[in-house]
Amino acid sequence: MAKQEDVFKKVISHAKEYGFIFPSSEIYDGLSAVYDYGQNGAELKNNIKSYWWKAMTQLNENIVGIDSAILMHPTTWKASGHVDAFNDPLIDNKDSKKRFRADVLVEDYCAKIEEKAQKEIEKAAKRFGDAFDKAQFESTNPRVMEYREKQSIILNRLARSLENEDLADVKALIEELEIADPDTGSKNWTEVRQFNLMFGTKLGASADNAMDLYLRPETAQGIFVNFLNVQKTSRHKLPFGIAQIGKAFRNEIVARQFIFRMREFEQMEMQFFVAPGTELGFYEEWKQKRLNWHLALGLGADNYKFHDHEKLAHYANAAADIEFKFPFGFKELEGIHSRTDFDLTAHEKHSGRKLQYFDNERNENYVPYVVETSVGLDRLFLAIFSTALKDEVLEDGSERTVLSLPPALAPVKAAILPLMKKDGLGEYAEKIFNDLKYDFNLIYEEKDSIGKRYRRNDALGTPFCITVDHDSLTDHTVTLRDRDTMQQERVAVADLRSIIDEKTNMRTLLSKL
Ligand code: GAP
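Analysis parameters
- Sequence order sets the numbering: in each chain, residues are counted from 1 along the sequence as written.
- Totals for whole chains, interfaces and linings use all residues, but because this is a predicted model, local features are given only for residues with pLDDT of at least 70 and pairs of side-chain atoms are given and counted only at 80 or more.
- The side-chain quantities take in all heavy atoms of the structure and omit both hydrogens and water.
- The helix and strand labels rest on DSSP assignments: H or I over at least four residues marks a helix, E over at least two residues marks a strand, and numbering proceeds from the N terminus.
- Values of the radius of gyration come from C-alpha atoms, whereas the globule rule sets the reference at 2.2 Å times the count of residues to the power 0.38.
- Partly exposed describes any residue whose relative accessible area lies between the buried limit of under 20% and the exposed limit of over 50%, with all areas from a 1.4 Å probe on protein chains only and scaled to the type maximum.
- If a single non-hydrogen atom of a residue is within 4 Å of a molecule or strand, that residue counts as near it.
- As used in this structure description, the phrase polar contact means that two N or O atoms lie within 3.5 Å; if the pair is within protein, one of them must be able to donate a hydrogen and the other to accept it, and residues adjacent in sequence are counted only when both atoms belong to side chains.
- The Shrake-Rupley method, run with a 1.4 Å probe, gives the accessible areas here. Residue values count only the displayed protein chains as cover.
- Put simply, Ala, Val, Leu, Ile, Met, Phe, Trp, Tyr, Cys and Pro go in the nonpolar bin, Asp, Glu, Lys and Arg in the charged bin, and everything else, Gly too, in the polar bin.
- By definition, two strands form a pair when at least two bridges between them are found by DSSP.
- Throughout, an axis means a line fitted to C-alpha atoms (over the contacting stretch in the case of helices), and angles, computed between N-to-C directions, take values from 0 to 180 degrees.
- Our arc is simply the arc of the directions from the helix axis toward the C-beta atoms.
- Only heavy atoms matter for contacts: two residues are in contact if any of them lie within 4.5 Å across the pair.
- Roughly parallel means an angle under 35 degrees; roughly antiparallel, over 145; roughly perpendicular, 65 to 115; everything else is oblique.
- For any pair of crossing helices, the crossing counts as left-handed if the nearer helix is rotated counterclockwise from the farther one by less than a right angle, and right-handed if it is rotated clockwise.
- Geometry of aromatic contacts follows a simple scheme: Phe, Tyr and Trp rings, the Trp one being its six-membered ring, pair when their centres are within 6.5 Å, and the pair is stacked under 30 degrees between planes, edge-to-face over 60, tilted otherwise.
- Domain borders in the structure are assigned automatically or taken from a domain database.
- Two parts placed together each lose some accessible area under a 1.4 Å probe, and adding up what both lose gives the buried area.
- Just to be clear on terms, a salt bridge is a Lys or Arg side-chain nitrogen sitting within 4 Å of an Asp or Glu carboxyl oxygen.

Draft legend 1. Representation of the overall build of the protein. From N to C terminus, the protein includes 18 helices and 23 strands. A compact globule built from 513 residues would reach a C-alpha radius of gyration of about 24 Å, and the protein, at 26 Å, matches this within 12%. Principal-axis analysis of the C-alpha atoms places the extent of the protein at approximately 80 × 60 × 60 Å. Across the 513 residues in the protein, those meeting the buried criterion constitute 49%.

Draft legend 2. Region of interest: the site of the ligand. The immediate surroundings of the ligand are formed by 20 residues, with Glu218, Met262, Glu269, Glu332 and Leu333 found nearest. A distance of 2.6 Å is found between a nitrogen atom of the ligand and a side-chain nitrogen or oxygen belonging to Glu218. Here the ligand has 560 Å² of accessible area as a free molecule, and 91% of this is covered by the chains. Its residues placed into classes, the shell around the ligand shows five nonpolar, five polar and ten charged.

Draft legend 3. Examining unusual backbone geometry more closely. Between Leu238 and Pro239 the backbone carries a cis peptide bond, its omega angle lying at 0 degrees. Relative to the assigned elements, Pro239 resides in the loop between helix H10 (227-234) and strand E9 (240-249). Non-glycine residue Asp423 carries a positive phi angle of around 60 degrees. Positive phi, close to 75 degrees, is recorded for Asp448, a residue that is not glycine. Examined against the element boundaries, Asp448 turns out to sit in the loop between strand E20 (442-444) and helix H15 (450-460).

Draft legend 4. A look at the sheet that holds strand E6 (residues 193-196). Spatially, E5-E4-E6 is the arrangement adopted by the three strands of the open sheet, whose pairing is antiparallel. In the strand order of this sheet, the two ends are held by strand E5 (99-101) and E6, each with one partner. Each adjacent strand pair in this sheet contributes to an overall mean axis angle of 45 degrees, direction not counted. Bridging between strand E4 (residues 87-92) and E6 involves four bridges; their strand directions are antiparallel. Paired with Pro89 across the two strands is Gln194, which belongs to E6.

Draft legend 5. Just H10, in detail. Turning to H10, its buried residues are Phe227, Leu228, Val230 and Gln231. Angularly, the buried residues of H10 cover 165 degrees about the axis, an arc narrow enough to put them on a single face. Seen from the buried face of H10, the exposed residues on the opposite side, beyond 90 degrees, are Asn229, Lys232 and Thr233. As for H10, its buried residues are in contact with strand E3 (63-66), helix H9 (220-224), E9, strand E10 (264-274), helix H12 (342-351) and strand E14 (357-359). Arg235 lies just past H10 and shows a positive phi near 60 degrees.

Draft legend 6. Summary view of the pairing of strand E12 (residues 318-326). Of all the nine residues making up E12, eight are buried; the element is thus mostly covered by neighbouring parts of the structure. Pairing between E12 and strand E13 (residues 329-340): nine bridges, direction antiparallel. Residue pairing across strands places Ala318 opposite Ser338, the latter belonging to E13.

Draft legend 7. Looking closely at the packing of helix H14 (residues 425-436) against helix H17 (residues 496-504). Interhelical geometry of H14 versus H17 gives an angle of 55 degrees and a closest axis separation of 11 Å. Put simply, H14 runs oblique to H17. In this structure, H14 crosses over H17, and the sense of that crossing is right-handed. Contacts from Ile432, Asp435 and Leu436 in H14 reach Leu496, Arg497 and Ile500 in H17. Broken down by class, the residue content of the contact of H14 with H17 amounts to four nonpolar, no polar and two charged.

Draft legend 8. Molecular detail of the sheet that holds strand E21 (residues 464-468). Pairing within the open sheet is mixed, and its five strands lie in the order E20-E19-E21-E22-E23. One side of each edge strand has no neighbouring strand; the edge strands of this open sheet are E20 and strand E23 (488-492). If you compare each strand with its neighbour and ignore which way they point, the axes differ by 25 degrees on average. Of the strand pairs in this sheet, strand E22 (residues 477-482) and E23 are connected by five bridges, and their pairing is antiparallel. The residue of E23 that forms the bridge with Arg481 is Gln488. Sitting on the sheet, H15 is in contact with strand E19 (414-418), E20, E21, E22 and E23, with an inclination near 170 degrees to E19.

Draft legend 9. Quick look at the pairing of strand E17 (residues 389-393). Strand direction decides the pairing type here: E17 and strand E18 (residues 399-403), joined by five bridges, are antiparallel. Within E18, the position partnered with Lys390 by the bridge is Val402. Hairpin geometry of E17 and E18 is characterised by an intervening segment of five residues between the two adjacent antiparallel strands and by a positive phi of about 90 degrees at Gly397.

Draft legend 10. Layout of the packing of aromatic side chains. Taken as a whole and assessed by the stated rule, the structure comprises 24 aromatic pairs. Measuring from centroid to centroid gives 5.0 Å for Phe8 and Phe328, while their planes differ by 70 degrees, and the two rings are edge-to-face. Here Phe8 is found in helix H1 (residues 3-17), whereas its partner Phe328 is found in the loop between E12 and E13, with 320 residues between them in sequence. Given the relative accessible area of 13%, Phe8 is considered buried. With a relative accessible area of 18%, Phe328 lands in the buried category.

Draft legend 11. Quick look at the domain arrangement of the protein. The assigned domain composition of the protein is domain 1 (1-71 + 218-393) and domain 2 (396-510). Each of domain 1 and domain 2 has a C-alpha centre, and the two are 34 Å apart. Contacts between the two partners involve 24 residues from domain 1 and, on the opposite side, 23 residues from domain 2. Buried area between domain 1 and domain 2, summed over both chains or domains, comes out near 2,000 Å², and the portion from carbon and sulfur atoms is 67%. Area buried by domain 1 at its contact with domain 2 is led by Asn47, Tyr51 and Glu392, which between them contribute 24% of it. Between Glu392 and Arg400 there is a salt bridge, with its nearest N and O atoms 2.9 Å apart. Those elements that place two or more of their residues in the side of domain 1 that touches domain 2 are H1, helix H2 (39-58), helix H13 (377-388) and E17. Partitioned by chemical class, the residues of the side of domain 1 that touches domain 2 number 14 nonpolar, four polar and six charged.

As C-alpha cells, then:
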C-alpha cells in the first residue's frame, strides 16, 4: 500500500479513537460522506472558527459578521445560477454499477501523467544534487515537456467540452484515453449526464401547497440578500465586508476522502463589497491576507500554494485557490474570487428590489462589486489535524504519537494529573482544576501511570500536563510538562494561569497577522 494511504488511514483512525470525528449514525452503519464531530473535534472546530471570526470581524474594523438561515426563498437559487448550473457531469460504469464524476476521471488520468513528470524531476534532482535547477529542467527536458503538453491538451479539451455542455465529447475523451473504472478495470461506460448538486426539501405541511426549497449549497447568498440590511444598519461605507460561518449542503456524487468532500459541511465566507473598477486590487490584497492567515498557523509554508484559475466561472473576473498538501496531495482548501456585480445584479433582477449603494465621493449610485474569500471549515480541520499528527521516535528508542496542534486551537489546554489520588493529592489537584477552569478547557485525570497519561494527552494535542505530587502540598509547586519539547519544569501554582495563557490564548495567534 502507498505510504500516503497509510498516513491517511492513521489520520482517520486517530480522529475516531480520540473523540474528534465519528461516522454519522454509526450504529446504523453510517451515512456516506456525513460525519459527526466528537467532544474534542467540536472544541477544535470551535477554536478554528474563533480564529477565523476574530481575524475577520475584530481585526478589520470594516468587516461585520452575520448568521443567516439555511433555508432561503427558492428564487435565491434561480438568481444565483445554482438551479440551472450547479451540476456535476456524471458517468456510470455498466458493469460495476458505480457512478463517477466524468471530469474527475479525466483529471485523475492527468494526475497520473503528472506523477510521471514528477518522478523524472526527482530523479534528475538526485543526479545533479545542489546544482539542480528545477525550473530550467522543467522547461527543457523533453520527457517532462511531453507529459505537461499531453495534460494541457486533455484538460483544455475537457474544459471546452464542459463549457459548451458537449457531454458526448466528454464521454468520447474518456473512451479515447481508455480510462477504466479504477476499482474493476471495466471500460463499459454509460453516456455522461448532468446532475444538480442541491438537496431539495419542502416547506409546509400539506403536499398540495408545500413549497419546494433547497438546503443552501453555499453560505454566500445569505450575505448577498442581506447586503443592504447590513450596510444601512452598520452604516459602513464601501469598501466593507460581511462574514459568515455556517452549514452548506451538496449532494456530492464522488464523496470520499473523509471530511475533505462531505454532503453536509461548514463554510467560512466573507464577501467584500467594493466600488466597480477597484475589485482586482482588493482581490490581490485578499489573496495575500488569506495566505498569511493560514501561514500564521505554523503548518509550514511549503504546504501551501496558489492555483490561479485560467478558466473562470461566468460571474468571475479573477479567481484562485489556496491549495494545501493534504495526505493525498495538493488540493483546494480555500477559494478567493472576484465575483464582479453578478450576484447583486441577479438578485435585483429577480426580486425587483434595488441593491445599490450611494457613493458620496463619486456622487453616484451603483451595484457594488464583490471579492469573496471562502474556506471550508472541515477541510481546514483536516489540514490542521493531518499535519499535526506525528509519530516520533524518542531518544531512548521509545515511540510516541503526538498531535502538535497550534496551542490556541488545541481542544484541551492543560491536563491536571495528581500522581496518585490518595494522601490529599487528588484534592489539591481538584483545587487547581477548579481555579483554572474559568479560563481554560481542562481535563482532570487520576487513572493510569503518569507516563500513560502523558502519552494520552500528547495524542490529544494537550499543550501542557500539570502533575501534582507530594511536594506540591508543602511548596505549592507542580511539574509542568510541555507537549512539544517534553521538557518538565517546576513552577509555582500561582503562576500557572499566566503560563498557560501566554502559550495558548488566541491573542498570540492573532497578533501574528
Ligand atoms: N461561495 C463560493 C463557494 O462556495 P466553492 O469553491 O464551491 O465556492 C468553497 O467552495 C470552499 O468550500 C472550498 O474551497 C472548500 O474548502 C469548501 N467545500 C466545498 N465543497 C465542499 C464539500 N463537499 N465538503 C467539504 N468542503 C467543501
